[in-house]
Amino acid sequence: MKDRVVIVTGAARGIGRESALHLAGSGWTVVACDIAAEIPGLRYPLASPEMLSSLAEHDRIHPLRADVRSPMQLSAVVERALELGELCAAVACAGVISGGKPAWLTDLETHRLTFDINYFGVLNLINVAMPAILAADAEHRRSFVAIASAAGHLPLETMSDYVASKHAVIGLIRTLALDLKGTGITANTISPGSTDTPILTASAEIFRLSSAEEFATHHMTQQLISASEVASMVGYLLSDQAASITGTDIRVDAGMLS
Ligand SMILES: NC(=O)c1ccc[n+]([C@@H]2O[C@H](COP(=O)([O-])OP(=O)(O)OC[C@H]3O[C@@H](n4cnc5c(N)ncnc54)[C@H](O)[C@@H]3O)[C@@H](O)[C@H]2O)c1
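Quick summary incoming for the structure in this document. (Residues numbered from 1 in each chain as written. Predicted model: local features only at pLDDT ≥ 70, side-chain atom pairs only at ≥ 80, totals over all residues. Heavy atoms only, no water.)

This next bit is on the site of the ligand. Lining the immediate environment of the ligand, one finds 29 residues, of which Ile15, Asp34, Tyr162, Thr195 and Thr197 sit closest. Between alanine 47 and the ligand, the recorded distance is 3.2 Å, taken from a backbone N or O atom to an oxygen atom. Taking lysine 166, its side chain carries an N or O atom lying 2.9 Å from an oxygen atom of the ligand. Compared with its free state, where it exposes 830 Å², the ligand has 98% of that area covered by protein. More than half of the atoms belonging to the ligand lie within 2 Å of the grid points that define the largest pocket. Elements with a contribution of two residues or more to the shell around the ligand: α1 (14-25), α6 (160-179) and α7 (198-206). The biggest single contributor to the shell around the ligand is α7, with three residues. Per-class residue counts for the shell around the ligand are 17 nonpolar, eight polar and four charged. (Near = heavy atom within 4 Å. Polar contact = N/O pair within 3.5 Å; in protein donor to acceptor, adjacent residues only side chain to side chain. Areas by Shrake-Rupley, 256 points an atom, 1.4 Å probe, with all protein chains shown as cover. 1 Å grid on protein atoms, 1.4 Å probe; cavity = no way out; pocket = protein on both sides within 12 Å on 5 of 7 lines; lining within 4 Å. Sits in = over half its atoms within 2 Å of the grid points. Helix = DSSP H or I, 4+ residues; strand = E, 2+ residues; numbered from the N terminus. Nonpolar A, V, L, I, M, F, W, Y, C, P; charged D, E, K, R; others polar.)

Right, dumping it as structure tokens:
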């Protein structure tokens, strides 16, 4: 029997990295991709090539550089996955944050950059991965998961581009699930609250907070969420136990949206 392969984007650090490690630990073969480079126009550093390549220490993880804005680079990721086995799942974690200005002062380039990664990056992954997932053995659990955000449900001051992109991802994945009806393939989003990763530190700077820990005050738990907690939910949604969970959004938000 061929190995079950999953693609994880944004896998060099944060939620993507924890998801890649969690899935590899559960027996998946993982193609872990990340831009692993800086993006002009963003005000904080993204993952480094070393962070991405260090994942190769795990023998079930195959790191590959790819920018989710590029369908061509994502196609190469799918090709790599098919060399390794059957592509049964894809997890869209890559995402960026910008913000800092009210909606009417946020320039179009900023909106476009955020949407190119947070929305079109997910759409690009669907477009290249879904034909291969549809072609995989239907005996396997097959699924698509995108990391949305609590910001896909409520407004965040001065973050119109991010908030709109995450609302859009939730709509996209709900519709994807419907388009997949009868195939057995599930599609869901996960909406994390404030999770302890570098993007949260960047957000704290935008909101001029003294530290990212301050975001914990919005949680019922009064604690930040760990990336591994979100990764566990990714693992669950890809598991046999979650075959009836589709077309929905799972909140890992410490009660933030309640
Ligand atoms: N951390 C939080 O509080 C939080 C809350 C809600 C949602 N999210 C979402 O979770 C996802 C993961 O974020 P994180 O918290 O791990 O942040 P992070 O910044 O630690 O990780 C994001 C990863 O995506 C990669 N990336 C960025 N642009 C890319 C591109 N164009 N192509 C490929 N890779 C790219 C980065 O290099 C980085 O490794 C994002 O979609 C984010 O919006 C995070």
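After that view of the structure, there is still more to cover.
A few words now on the packing of α1 against helix α8 (residues 227-237). Across the interface, α1 lies against α8 with an axial gap of 8 Å and an inter-helix angle of 50 degrees. The orientation of α1 relative to α8 falls into the category oblique. Here α1 and α8 pass one another in a crossing that is right-handed. Along the contact surface, α1 presents Gly14, Ile15, Glu18, Ser19, His22 and Leu23, while α8 presents Ala227, Ser228, Val230, Ala231, Ser232, Val234 and Gly235. Across the contact of α1 with α8, the residue classes tally to six nonpolar, six polar and one charged. (Axes fitted to C-alpha atoms, helices over the stretch in contact; angles between N-to-C directions. Parallel < 35°, antiparallel > 145°, perpendicular 65-115°, else oblique. Left-handed = near helix turned anticlockwise from the far one by under 90°. Contact = heavy atoms within 4.5 Å.)

As a further point, take the pattern of salt bridges. What the rule picks out here adds up to two salt bridges. A salt bridge links aspartate 67 to arginine 69, with the nearest nitrogen and oxygen atoms 2.7 Å apart. Aspartate 67 sits in the buried class, given a relative accessible area of 12%. Glutamate 83 serves as the salt-bridge partner of arginine 80, at 2.8 Å between the closest nitrogen and oxygen. (Salt bridge = Lys/Arg side-chain N within 4 Å of Asp/Glu carboxyl O. Buried < 20%, exposed > 50% of the residue type's maximum accessible area, 1.4 Å probe, protein only.)

Any functional reading would require information beyond the geometric quantities listed.
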